[in-house]
Structures are given as C-alpha cells and as structure tokens.
Amino acid sequence: MKTFKGYMHGINLGGWLSQCDHTKERYDTFVVEDDIKKISEWGLDHIRVPIDYELVEDKEGNYLEEGFEYIQKAIDWAGKYGLNMVLDLHKTFGFSFDEGYAETGFFDNEFYQERFYKLWEQLSSRFGKYSDRLCFEILNEVTDKEYCEKWNSISTECIKRIRKNAPDIKILLGGYYNNSIEALKDLALPYDENIVYNFHCYEPLIFTHQGGYWVPGMNVEFRMPFESTYKQYGEYTDQNLDRYAEGFSQYEQDAVIGTEYFENMVAEAVRVAEERDVELYCGEYGVINLATAEDTLKWFKMICSVYDKYGIGRAAWNYKEMDFGFIDDHMKDVLDDVLKVI
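Here we summarise the structure given alongside this text. Just so we're clear, the structure is a prediction, and the values are computed from it rather than from any experiment.

**Thoughts on a nonpolar patch on the surface**
In step 1: A contiguous nonpolar patch, built from Y213, W214 and V220 and spanning about 330 Å² of accessible area, is present on the exposed surface.
In step 2: Mapped onto the elements, W214 comes out in the loop between α7 (205-208) and α8 (230-240).
In step 3: Overall, W214 belongs to the partly exposed group, its relative accessible area being 37%.

Written as structure tokens, this is what we have:
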C-alpha cells in the first residue's frame, strides 16, 4: 500500500477556526505561533486545520478576506516550522456533521452545492500553490449512508473545479457514517493519482467516548477501563450507546481487548486502499478526557501499532480542549509517551 509521505504523524487544531464562536478574539488567541512551534518540537510532521464556512463567508456567501488571512497564517506558520498541513472544510453552508448546528439541505440543493464548489475554487486559487506541503480535505464527515451516491457526484464535481487551479495537490476524500471505514468501498473511484482515502476512528466508541455528554444514549457518569473483556465491551455498548454491539461478538468473550481488534477494524480500509492504489489517512482518532491518562496511553499504543504496520497516516484529535486536549492537564503525566506513538 502507498504511504502518505509527510502526513504520517499529525495533530488536529480543532476549535480554532472551526466549532467555535467565530470571533476575532478566538482566532487570535486559541492557537498562536508558539503552539505550532511546540507541535514541531514534538516531532510531528503535520497539522490538520479544520475550518467552518463562517470563517470565510458571510450569511449571503460573500467572502471575508480576513478569514482567508487566518488560513494563510496557518500555512505560513506550518512552513516556518517544517510542518505540512491538511486544510479541512469542517462545515459548509447547508451541511454539518453535527446536527446541533442546524445546517440542512446541502445534498438536495444545487444552490448550496454551487456555493460549496465556488468556495473550493476560492481556496484552491489562493492556496493550491502550496501543494508541496498542503492537502485539501473537501468536507468533514458525511453523515447518512443515503447521501452516498449524491456525495460521490458532488465530490467528483468539486475535485474537477479544484483541479483547474491546483492540478497536483493531494485531495482527501471520506464517506458516510462520519468518514467510516465501511464507507471507503462505496467512494467514487479515485479521480486521479492525487486522491487520498480518508477515514476517522474512535473505536471502540464506548471507551473513547465514555461519559460523553453529546453521545446519544450515553450515561454521562459511565466510566470503564480500556483493558476490559470483549464481553464487557459488548455489554457496556448495549447499555450506553444507541448502536449495536455486534463488533465484539466474534472474539473470545472472556479475552481482554487486544491488537487483533484494531487489525480486523482496519483490514477493510487496507484492502480498499490496495485495490484502488490510493494512500490511506486517518484524519481523526483520540480518547475523551474522561478516560484515565494511563488508559488513553494504552489505547494510542495499540491502535498506532496497527497504523504503523500498514503505513497509515494519521492526525490525533485534538491539540487542546474540545474534550480531547493533548496539552490539557489530564494528559500531562503521559503526554511524552503518547507523542512517541501518535
């Protein structure tokens, strides 16, 4: 399988230009140049920078020049400190992975889609020249599977528009169920040799999102150790998540979770990537700050050993805050060890 060179070990800057209150104060203070310097000193090779359309568009779709300047600043800082960068459109007008933002209608509205294409024409015309150290991720986490064929059509058209300005920049493409591995096989065939297939992984969700207030069905008081048996994982999932726990039934029920779980999880992604001759990238993975730091380290060691085995590039979620922060107090005792494996 191809290796996504320069994007093997990264971290997300979620909450800076996306999933925020979109104020100048936020943009100027949440992430500063010293943060990028620190990430470089950690030995990582790239940052993933999510942006919302509100950064660069007003409600009518007029472009906000000051918003593009923040993207330029991120690119410049990354370049200064020897980091590559993924520019991720986390939310577009009419669609968000999070229902709480009340963005709807994108997949059935050609006007919204045209606005999406034109935004990427703007982004690619301004930043496509950095293709040696920048990638585009055209949309974060398509949700429902029913959008699959529509998304294949929309994403292909978007790539065509981008290619007029940025013929060789790497473009990351993910699919339904929030960039699930399951969706990879249903993505449009690679438009050209510079398409990268992208997935996100927070599995087992019952561990990585234990107690998460935003998770449907979750008891916010629920806590569990990482080294639980497959039987316990199934039971905890049934009790706390609005999803099926079938993924654990194939294992010896009294066995403690092990590397085989993650091996089996990524096998389909590796198969599709090899079959279509594309690079593979995990744009988000991480553990909620309610898990113990020691268990968080165990999870990262195990999943990253599998990523390393198959040459899967990745960016951990998240540099600070957002319920997953690496530089937050809960991680201080294990941060050095986690940074060795992510």
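**Some details on empty space enclosed by the protein**
Picture a little ball the size of a water molecule; that probe, rolled over the atoms, points out where space is still empty.
In step 1: Here the structure, examined in full by the defined rule, presents one cavity of 30 Å³ or more.
In step 2: Lining the largest cavity we find C148, W151, N152, G175, Y176, A183, D186 and L187.
In step 3: When residues in the lining of the largest cavity are grouped by element, the largest group, three residues, is from helix α5 (residues 148-165).
In step 4: Its residues placed into classes, the lining of the largest cavity shows five nonpolar, two polar and one charged.

**So, helix α2 (residues 33-41)**
In step 1: All of the buried residues along α2 are D35, I36 and I39. One side of α2 holds all its buried residues, which, seen down the axis, span an arc of 100°. Residues of α2 that are exposed and angled more than 90 degrees away from the buried face: D34 and E41.
In step 2: For α2, the secondary structure elements touched by its buried residues are β1 (10-12), β2 (46-52) and α3 (65-80).
In step 3: The first or second residue beyond α2 is G43, which carries a positive phi of 95°.

**Here's the deal with unusual backbone geometry**
In step 1: The linkage connecting E203 with the following residue, P204, adopts the cis geometry, with an omega of -10°.
In step 2: Within the element layout of this structure, P204 appears in the loop between β7 (195-201) and α7.
In step 3: The step from W317 to N318 runs through a cis peptide bond, and the omega angle for that step is 15°.
In step 4: Examined against the element boundaries, N318 turns out to sit in the loop between β9 (313-316) and α11 (335-339).
In step 5: The phi dihedral of D277 is positive, around 55°, even though this residue is not glycine.
In step 6: You can call D277 partly exposed: its relative accessible area is 47%.

**Examining the pairing of strand β6 (residues 170-173)**
The side chains of a regular strand alternate, residue by residue, between the two faces of the sheet.
In step 1: Residues K170 and L172 point to one face of β6 and I171 and L173 to the other, with burial holding for every one of them.
In step 2: Pairing of strand β5 (residues 134-137) with β6, which is carried by three bridges, proceeds in the parallel orientation. Residue pairing across strands places C135 opposite K170, the latter belonging to β6.
In step 3: Of the crossover connections in this fold, the one passing from β5 over α5 to the parallel β6 is right-handed.
In step 4: Bridging between β6 and β7 involves three bridges; their strand directions are parallel. Across the sheet, L172 pairs through a bridge with V196, a residue of β7.

**Concerning the packing of helix α4 (residues 110-127) against α5**
In step 1: At a minimum axis separation of 9 Å, α4 and α5 run at an interaxial angle of 30°. Our classification of the angle between α4 and α5 gives roughly parallel. For the element pair α4 and α5, the recorded crossing hand is right-handed. When α4 is examined against α5, the residues Q113, E114, F116, Y117, W120, E121, S124 and S125 are found in contact with a partner set consisting of W151, I154, E157, C158, R161, I162 and N165.
In step 2: Here the contact of α4 with α5 is built from residues that sort into seven nonpolar, four polar and four charged.

**A look at α3**
In step 1: The end-to-end C-alpha distance of α3 is 22 Å, a good match for the 22 Å that 16 residues give at a rise of 1.5 Å each.
In step 2: Those residues of α3 that fall on the buried side of the exposure criterion are G67, F68, Y70, I71, A74, I75, W77 and A78.
In step 3: Packing partners of the buried residues in α3 comprise α1 (24-29), α2, β2, β3 (84-92), α4 and β5.
In step 4: Note on α3: the residue one or two positions beyond its end, G82, has a positive phi of about 75°.

**A few points about the packing of aromatic side chains**
In step 1: Tallying each qualifying case throughout the model produces 35 aromatic pairs.
In step 2: A centroid spacing of 6.4 Å and a plane angle of 80° characterise the contact between F262 and W299, whose relative ring orientation is edge-to-face. Here W299 lies in helix α10 (residues 293-310) and F262 lies in helix α9 (residues 259-276), a separation of 37 residues in the sequence. Here F262 and W299 have matching classes, each one buried.
In step 3: In this structure an aromatic cluster arises from ring pairing among F199, Y230, Y233, F248, Y251, Y261, F262, Y285, W299, F300, Y307 and F326.
In step 4: The ring of F30 has R26 sitting right over it, with the charged end atom 4.0 Å from the ring centre.

**Things to note about the pattern of salt bridges**
If the charged atoms of two oppositely charged side chains come close together, the side chains can form a pair.
In step 1: This model, assessed by the stated rule, comprises 26 salt bridges.
In step 2: Between E33 and K80 there is a salt bridge, with its nearest N and O atoms 2.6 Å apart. Of this pair, E33 sits in helix α2 while K80 is found in helix α3, placing the two residues 47 residues apart along the sequence.
In step 3: Residue E65 pairs with R126 through a salt bridge whose shortest N-O separation is 2.7 Å. With E65 in helix α3 and R126 in helix α4, this pair connects stretches of sequence that are 61 residues apart.
In step 4: The partly exposed category is assigned to E65, whose relative accessible area is 40%.

About the thresholds
Residues numbered from 1 in each chain as written. Predicted model: local features only at pLDDT ≥ 70, side-chain atom pairs only at ≥ 80, totals over all residues. Heavy atoms only, no water. Patch = residues over 30% accessible without salt bridge, like charges linked within 9 Å, V, L, I, M, F, W, Y side chains within 5 Å. Areas by Shrake-Rupley, 256 points an atom, 1.4 Å probe, with all protein chains shown as cover. Salt bridge = Lys/Arg side-chain N within 4 Å of Asp/Glu carboxyl O. Helix = DSSP H or I, 4+ residues; strand = E, 2+ residues; numbered from the N terminus. Buried < 20%, exposed > 50% of the residue type's maximum accessible area, 1.4 Å probe, protein only. 1 Å grid on protein atoms, 1.4 Å probe; cavity = no way out; pocket = protein on both sides within 12 Å on 5 of 7 lines; lining within 4 Å. Points joined across faces, edges and corners; volume = space filled by probe spheres on them. Nonpolar A, V, L, I, M, F, W, Y, C, P; charged D, E, K, R; others polar. Arc of directions from axis to C-beta. Contact = heavy atoms within 4.5 Å. Pairing = 2+ DSSP bridges. Right-handed = clockwise from strand over helix to strand, strands pointing away. Axes fitted to C-alpha atoms, helices over the stretch in contact; angles between N-to-C directions. Parallel < 35°, antiparallel > 145°, perpendicular 65-115°, else oblique. Left-handed = near helix turned anticlockwise from the far one by under 90°. Expected span 1.5 Å × (residues − 1). Phe/Tyr/Trp six-rings, centres within 6.5 Å; stacked < 30°, edge-to-face > 60°. Lys NZ or Arg CZ within 6 Å of the ring centre and 35° of its normal.

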